[in-house]
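Tertiary structure, described
Here are the chains, one letter per residue:
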Amino acid sequence: MRISGDVQRPVYALDAPNHGDSPWVESMSYDSMAQSVVDFLGAKSIDKAQVVGHSMGGKTAMILALTYPELVDKLVVVDSSPAHSDGVAAVAKFVHAMKMLDLASIARRSQVAPALEDSIPQKSIREFISMNVTSDSETTKLRWKCNLDTIERFLPEMAKFPQIDHSSDIETLFIGGLESQHIREQNHPEIHRLFPHAQIKKIPGGHWVHHDNPSGFLKTLIPFLNSRRPDDRRPCSRIVA
């Protein structure tokens, strides 16, 4: 999903540690992942950014905004809440299915999603998961980009959200999928306690709402990122997602 043309400023898409093209590490915590974003901003000499995060990335973005508010211009949290995530069992099932799949017997990435059909019946989730497959540079065989062993080991920790006593006055938007249970009515009081200026919007889609409903997602996201207060004359911040 490309949004740079809609916002007309630089957009940086970051992979969390143990995901995508980021390095593999032996432990995972929201504090350390937030620090990795701080380090990235420093390396790029970015004083302030609009930060967008989905699921685990949403929790990381919340911790960043609450710990380093001076670095965050606006915050967008996608299908995540400052609460315990009940969906960890489903994620554990997906991770197990990925580990059990014999990638050595598969020739092309396009064959990965169909090969997962027995263990993951939802087509959209299979297609999303198959995006985590790449070819090994030395053997040319398919492999998972993500560090499945470490992710599986730290899933219970990643399901949690730390208790935080202070709040943030950063402009914040929560976008949830109507078919998802990750932003519930019961989460709203804690969302508004931590982020008093938060808006909460639900659009058609599941947990991977940006994948399920890209047009609806962008129609919700872009106006928020582009909006400015009448008295705000600062240049628009860069976007980190």
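Located above this text is the structure these notes cover.
Below, the structure is looked at part by part. Computed from a predicted structure; not experimentally measured. (Residues numbered from 1 in each chain as written. Predicted model: local features only at pLDDT ≥ 70, side-chain atom pairs only at ≥ 80, totals over all residues. Heavy atoms only, no water.)

**Describing the nonpolar core**
The biggest cluster of nonpolar side chains holds 56 residues, and the ones touching the most others in it are L75, V112, W144 and F195. Beyond its immediate sequence surroundings of up to four residues, F195 is in contact with M62, A65, L66, L75, S168, T172 and F174. Within the second largest apolar cluster, 15 residues are counted, among which are V7, I175, V209 and F224. (Core = buried A, V, L, I, M, F, W, Y, C linked by side-chain atoms within 4.5 Å. Buried < 20%, exposed > 50% of the residue type's maximum accessible area, 1.4 Å probe, protein only. Contact = heavy atoms within 4.5 Å.)

**Considering the packing of aromatic side chains**
This model, assessed by the stated rule, comprises four aromatic pairs. On the basis of an interplanar angle of 45° and a centroid distance of 5.3 Å, the ring pair of F128 and W208 is categorised as tilted. Of the two residues, F128 is situated in helix α6 (residues 123-130) and W208 in the loop between β7 (198-203) and α9 (209-212); the sequence distance between them amounts to 80 residues. Over the ring of F224 we find K74, and its NZ or CZ is 4.9 Å from the ring centre. (Phe/Tyr/Trp six-rings, centres within 6.5 Å; stacked < 30°, edge-to-face > 60°. Helix = DSSP H or I, 4+ residues; strand = E, 2+ residues; numbered from the N terminus. Lys NZ or Arg CZ within 6 Å of the ring centre and 35° of its normal.)

**Considering the packing of helix α4 (residues 88-100) against helix α7 (residues 148-158)**
The axes of two packed helices give the description: the angle between them and the distance between them. In the contact formed by α4 and α7, the axes pass within 10 Å of each other and the chain directions differ by 160°. Between α4 and α7, the angle falls in the class roughly antiparallel. For the pair α4 and α7, the crossing hand works out as left-handed. Residues V88, V91, A92, V95, M98 and K99 of α4 pack against L148, D149, I151, E152, L155 and P156 of α7. In the contact of α4 with α7, the residues fall into nine nonpolar, no polar and three charged. (Axes fitted to C-alpha atoms, helices over the stretch in contact; angles between N-to-C directions. Parallel < 35°, antiparallel > 145°, perpendicular 65-115°, else oblique. Left-handed = near helix turned anticlockwise from the far one by under 90°. Nonpolar A, V, L, I, M, F, W, Y, C, P; charged D, E, K, R; others polar.)

**Some details on helix α2 (residues 30-43)**
In a regular helix each residue adds 1.5 Å, so 14 residues correspond to 20 Å; α2 covers 20 Å between its end C-alpha atoms and thus fits that length. Those residues of α2 not exposed but buried are Y30, M33, A34, V37, V38, F40 and L41. In an axial view of α2, the angular spread of the buried residues amounts to 160°, which keeps them on one side of the axis. Exposed residues pointing more than 90 degrees away from the buried face of α2 are listed as D31, G42 and A43. Looking at the packing, one finds that the buried side of α2 touches β1 (11-12), β2 (49-54), α3 (56-67), α7 and β8 (238-240). In the stretch just after α2, S45 is the one whose phi turns positive, near 55°. (Expected span 1.5 Å × (residues − 1). Arc of directions from axis to C-beta.)

**Observations concerning the side chain of K74**
Along the chain, K74 falls in strand β3 (residues 72-78). For the buried residue K74, which engages in no salt bridge, the nearest side chain bearing the opposite charge is E171, 4.4 Å off. In this structure the side chain of K74 is engaged in a polar contact, spanning 2.5 Å, whose partner is the backbone oxygen of S227. (Lys, Arg positive; Asp, Glu negative; His and termini not counted. Salt bridge = Lys/Arg side-chain N within 4 Å of Asp/Glu carboxyl O. Polar contact = N/O pair within 3.5 Å; in protein donor to acceptor, adjacent residues only side chain to side chain.)

**Details of the environment of P196**
Among the structural elements, P196 can be located in the loop between α8 (188-194) and β7. Setting aside residues up to four positions removed in sequence, P196 forms contacts with S167 and S168.

**Remarks on the layout of surface pockets**
What the second largest pocket holds in volume is close to 260 Å³. Taken together, 15 residues form the lining of the second largest pocket, with F94, I125, H182, H207 and W208 sitting closest to its centre. Going through the elements one at a time, α4, α6 and α9 are the ones with two or more residues in the lining of the second largest pocket. The leading source of residues in the lining of the second largest pocket is α4, at three residues. Of the residues contributing to the lining of the second largest pocket, the split by class is five nonpolar, eight polar and two charged. (1 Å grid on protein atoms, 1.4 Å probe; cavity = no way out; pocket = protein on both sides within 12 Å on 5 of 7 lines; lining within 4 Å. Points joined across faces, edges and corners; volume = space filled by probe spheres on them.)

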